[in-house]
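Chain by chain, the residues run as shown.
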Amino acid sequence: MSVLVYIESQDQQIKKSSLEVAAYGRAVADAMNTSLIAVTFGLAYSELLSHYGVDKVCNVQTEGASYFNLSRHSATLARVASEEKAAVLIVSGSANGRYLGPAVAMKFEATYFSNVIGLPLSFAPLKVKRSCFTNKAFNYSTSHKEKVVLSLAANTYGIFEKKVNMDQRTVQYASSTSTLEVVSEEKSTQQVSIADAEIVVSGGRGLKGPENWHLIEDLAAVLGAATACSKPVSDMGWRPHSEHVGQTGKPVASNLYIAIGVSGAIQHLAGINSSKIKVVINNDPEAPFFKAADYGVVGDAFEVVPVLIEKLKTLKGN
Ligand SMILES: Cc1cc2nc3c(=O)[nH]c(=O)nc-3n(C[C@H](O)[C@H](O)[C@H](O)COP(=O)(O)OP(=O)(O)OC[C@H]3O[C@@H](n4cnc5c(N)ncnc54)[C@H](O)[C@@H]3O)c2cc1C
């Protein structure tokens, strides 16, 4: 028996959400008194995982392995899970993790739990707490199968280090069951993806137009943050759709989310529930976003943000 974690990487860097998955997997493996195995795709250097409790890495190395391909990734993960006699397979709550989870569960003939929060409440049978209705409610689910695939809700467990001696092996697979071949990937921007960013600065219609976006970009630059926006902003073409946050956009699980001139409609909030600290700058004290905020500034963005940028620059300079 073992616990398996799917580790995502981009440009040979392990994603933050996957370090959380590894740390979580370690705790699950300890509770089950078994080993933790990580599966990586096309990752040349996986030593970092030994700091997060991974006992063994299976690195899938075939042409194009580093490109996400649902059919191939799910088939390969199910195969490794069978070979390694996995009782629990954990994926992150990222977009790819959420595609993969149910597909692997079907091939591995396992129960699938999405949006899991916290460690399992029991192991025989496996019982978990899950968030549902965009974090408005929780449910408790029990598996009637011995094998379980679960996706961990992002930023809900934490990243804890635990150094172990790690074993590495490379898996070659010749699966050609996929009808889709990813030949290359191109980033829409050079900045860090909002789904993985530690800090996100987001702008809404209150910014009045794209010509004012330097306020968002300058604040993001001084904080080392990614930039994001509300749906109308990307619909109007002020910003690319890759920055649209919310129910119909990307989820954000940053440690700090700064919303400027965003009203805080329920569909926007649905995308930022997993962010830890929310700061809102809005000139309307009745803006709904203030109810979800940890810190709020009632004021005109055009006055508040330049002052904030200068203060932060001074702080950094010191
Ligand atoms: C099915 C559906 C799905 C949707 N999905 C999403 C989604 O995924 N993401 C999303 O964001 N929206 C989504 N929406 C739209 C959502 O309902 C809101 O209309 C949208 O979020 C509002 O965007 P906003 O806050 O930028 O603009 P507004 O609602 O126009 O708010 C602008 C805010 O800026 C403030 N403001 C104005 N001037 C200033 C100033 N000078 N300084 C500071 N503050 C100022 C105002 O007080 C106001 O609160 C969806 C809607 C539907 C129906």
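Residues numbered from 1 in each chain as written. Predicted model: local features only at pLDDT ≥ 70, side-chain atom pairs only at ≥ 80, totals over all residues. Heavy atoms only, no water.

1. Notes on the site of the ligand
Stage number 1. In the neighbourhood of the ligand, 26 residues make up the surrounding shell, with Arg205, Ser230, Thr248, Ser263 and Asn282 lying closest.
Stage number 2. Take Asn283: an N or O atom from its main chain is 3.3 Å from a nitrogen atom of the ligand.
Stage number 3. The separation between a nitrogen atom of the ligand and a polar side-chain atom of Asp300 is 3.0 Å.
Stage number 4. Notes on the ligand: free accessible area 990 Å², of which the protein chains cover 75%.
Stage number 5. Listing elements by their share of the shell around the ligand, those giving two or more residues are helix H5 (231–235), helix H6 (266–269) and helix H8 (301–317). (Near = heavy atom within 4 Å. Polar contact = N/O pair within 3.5 Å; in protein donor to acceptor, adjacent residues only side chain to side chain. Areas by Shrake-Rupley, 256 points an atom, 1.4 Å probe, with all protein chains shown as cover. Helix = DSSP H or I, 4+ residues; strand = E, 2+ residues; numbered from the N terminus.)

2. Some thoughts on the packing of helix H4 (residues 214–223) against H8
Stage number 1. Following both chains from N to C, one finds H4 and H8 inclined at 20 degrees, their axes separated by 10 Å at the closest point. On the basis of the axis angle, H4 is roughly parallel to H8. Crossing geometry of H4 relative to H8 is assigned as left-handed. Contacts from Leu215, Asp218, Leu219, Val222 and Leu223 of H4 reach H8 at Ala301, Phe302, Val305, Pro306, Leu308, Ile309, Leu312, Lys313 and Lys316.
Stage number 2. Among the residues forming the contact of H4 with H8, the class breakdown is 11 nonpolar, no polar and 3 charged. (Axes fitted to C-alpha atoms, helices over the stretch in contact; angles between N-to-C directions. Parallel < 35°, antiparallel > 145°, perpendicular 65-115°, else oblique. Left-handed = near helix turned anticlockwise from the far one by under 90°. Contact = heavy atoms within 4.5 Å. Nonpolar A, V, L, I, M, F, W, Y, C, P; charged D, E, K, R; others polar.)

3. Things to note about the sheet that holds strand E13 (residues 226–229)
Stage number 1. Spatial ordering of the open sheet is given by E13-E12-E14-E15-E16, a layout of 5 strands whose pairing is parallel. Every interior strand has two partners, whereas the edge strands, E13 and strand E16 (295–298), have only one. Taken over all neighbouring pairs, the strand axes of this sheet differ in orientation by 15 degrees on average, direction set aside.
Stage number 2. By the bridge criterion, 4 bridges tie strand E15 (residues 277–282) to E16 in an arrangement that is parallel. Across the sheet, the residue bridging to Val279 is Tyr295, located in E16.
Stage number 3. Strands in contact with H4 are strand E12 (199–203), E13 and strand E14 (256–260); relative to E12, the strand with the most contacts, it is inclined by about 175 degrees. (Pairing = 2+ DSSP bridges.)

4. Considering the pattern of salt bridges
Stage number 1. Counted according to the given criterion, the structure contains 12 salt bridges.
Stage number 2. Among the ionic pairs, Arg26 bridges to Asp30, the shortest N-O distance being 2.9 Å. Residue Arg26 and its partner Asp30 are both found in helix H1 (residues 16–31); the two are separated by 4 residues, about one turn of the helix.
Stage number 3. Accessibility expressed as a relative area gives 8% for Arg26, which makes it buried.
Stage number 4. For Arg26, the salt bridge goes to Asp55, with nearest N and O atoms at 2.9 Å. In this pair, Arg26 is assigned in helix H1 and Asp55 in the loop between strand E4 (35–41) and strand E5 (56–60), connecting sequence segments 29 residues apart.
Stage number 5. For Asp55, a relative accessible area of 22% puts it in the partly exposed group. (Salt bridge = Lys/Arg side-chain N within 4 Å of Asp/Glu carboxyl O. Buried < 20%, exposed > 50% of the residue type's maximum accessible area, 1.4 Å probe, protein only.)

5. Focus on the domain arrangement of the chain
Stage number 1. Examined at the domain level, the chain breaks down into domain 1 (2–171) and domain 2 (199–317).
Stage number 2. Spacing between the C-alpha centres of domain 1 and domain 2 amounts to 31 Å.
Stage number 3. Counting residues at the interface gives 7 residues for domain 1, matched by 9 residues for domain 2.
Stage number 4. Taking both sides of the interface into account, the surface hidden between domain 1 and domain 2 amounts to around 620 Å²; carbon and sulfur atoms contribute 38%.
Stage number 5. Inspection of the domain 1/domain 2 interface yields 0 salt bridges.
Stage number 6. Our count for the contact surface shared by domain 1 and domain 2 stands at 3 residue pairs in polar contact (both at pLDDT 80 or more).
Stage number 7. Each residue belonging to the side of domain 1 that touches domain 2 can be placed in one class, and the counts come to 1 nonpolar, 3 polar and 3 charged. (Domains from an automatic or database assignment. Buried area = accessible area lost by both parts, 1.4 Å probe.)

6. Topic: the sheet that holds strand E8 (residues 126–132)
Stage number 1. One open sheet holds the 9 strands; their spatial order is E9-E8-E7-E10-E6-E1-E4-E5-E11, and the pairing between them is mixed. In this open sheet, the two strands that pair with only one neighbour each are strand E9 (137–142) and strand E11 (167–171). Going from strand to strand, the sheet's axes swing by 35 degrees on average, the running direction of each strand aside.
Stage number 2. Pairing of E5 with E11 involves 5 bridges; the strand directions are parallel.

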